[in-house]
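Survey of secondary and tertiary structure
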Amino acid sequence: MITVEKVGGNQFQVTVEGRTTTTHRVTVDPGYARSLGGEEVDILRLVKASFEFLLEREPNTSILRSFDLPVIGRYFPEYERVIGGRLGLP
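Residues numbered from 1 in each chain as written. Predicted model: local features only at pLDDT ≥ 70, side-chain atom pairs only at ≥ 80, totals over all residues. Heavy atoms only, no water.

Two elements in contact, helix α2 (residues 43-55) and helix α4 (residues 79-86), have axes whose closest approach is 10 Å; the angle formed by their N-to-C orientations is 120°. Our classification of the angle between α2 and α4 gives oblique. Crossing angle aside, the handedness with which α2 passes α4 is right-handed. Listed contacts from α4 to Arg45, Leu46, Ala49, Ser50, Glu52 and Phe53 of α2 are Tyr79, Val82, Ile83 and Arg86. Tallied by class, the residues present in the contact of α2 with α4 amount to six nonpolar, one polar and three charged. (Axes fitted to C-alpha atoms, helices over the stretch in contact; angles between N-to-C directions. Helix = DSSP H or I, 4+ residues; strand = E, 2+ residues; numbered from the N terminus. Parallel < 35°, antiparallel > 145°, perpendicular 65-115°, else oblique. Left-handed = near helix turned anticlockwise from the far one by under 90°. Contact = heavy atoms within 4.5 Å. Nonpolar A, V, L, I, M, F, W, Y, C, P; charged D, E, K, R; others polar.)

To continue, consider the environment of Arg19. Position of Arg19 relative to the elements: it lies in the loop between β2 (11-16) and β3 (22-27). With relative accessibility at 89%, the residue Arg19 sits in the exposed group. Sequence separation between Arg19 and Pro59 is 40 residues, and the spatial gap between their C-alpha atoms is 9.7 Å. (Buried < 20%, exposed > 50% of the residue type's maximum accessible area, 1.4 Å probe, protein only.)

This structure, assessed with the given rule, holds four salt bridges. Taking the shortest distance from any N to any O, the salt bridge between Arg57 and Glu56 comes out at 3.3 Å. Owing to a relative accessible area of 52%, Glu56 belongs among the exposed residues under this scheme. Across the pair Arg57 and Glu78 runs a salt bridge, and its minimum N-O distance is 2.9 Å. With Arg57 in the loop between α2 and β4 (66-68) and Glu78 in the loop between α3 (71-75) and α4, the pair connects residues that are 21 residues apart, well separated along the chain. Salt bridges linked by common partners bring Glu56, Arg57, Glu78 and Arg86 together as one network. (Salt bridge = Lys/Arg side-chain N within 4 Å of Asp/Glu carboxyl O.)

So, in C-alpha cells, the structure goes:
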C-alpha cells in the first residue's frame, strides 16, 4: 500500500507498507510534473504512480529515503517515457 501526503511546498511524504514499512520524502518541481503529466497533472497521483513504477523494479527498502523526482530517470532511463502512460496520457 502506498500513501502520499503533501507536507509543504513541493515536498511529499510517501509511506510504503510492505514486509517492512518505509517512509520517503520526495520533492516535485511543478514544471517537471507538468512535463510528465500535462498541464492539469495531479501531483499526488504522479508521485503514487512513480512509486508503483519503482516498486515493480526494486523493493521499497532499496528506494532512496529522500530525493527529487527526476532522480528516478537516472536509475531507470525509461521512467519519463513510461510515466505519462500510467497517468493516462497518450
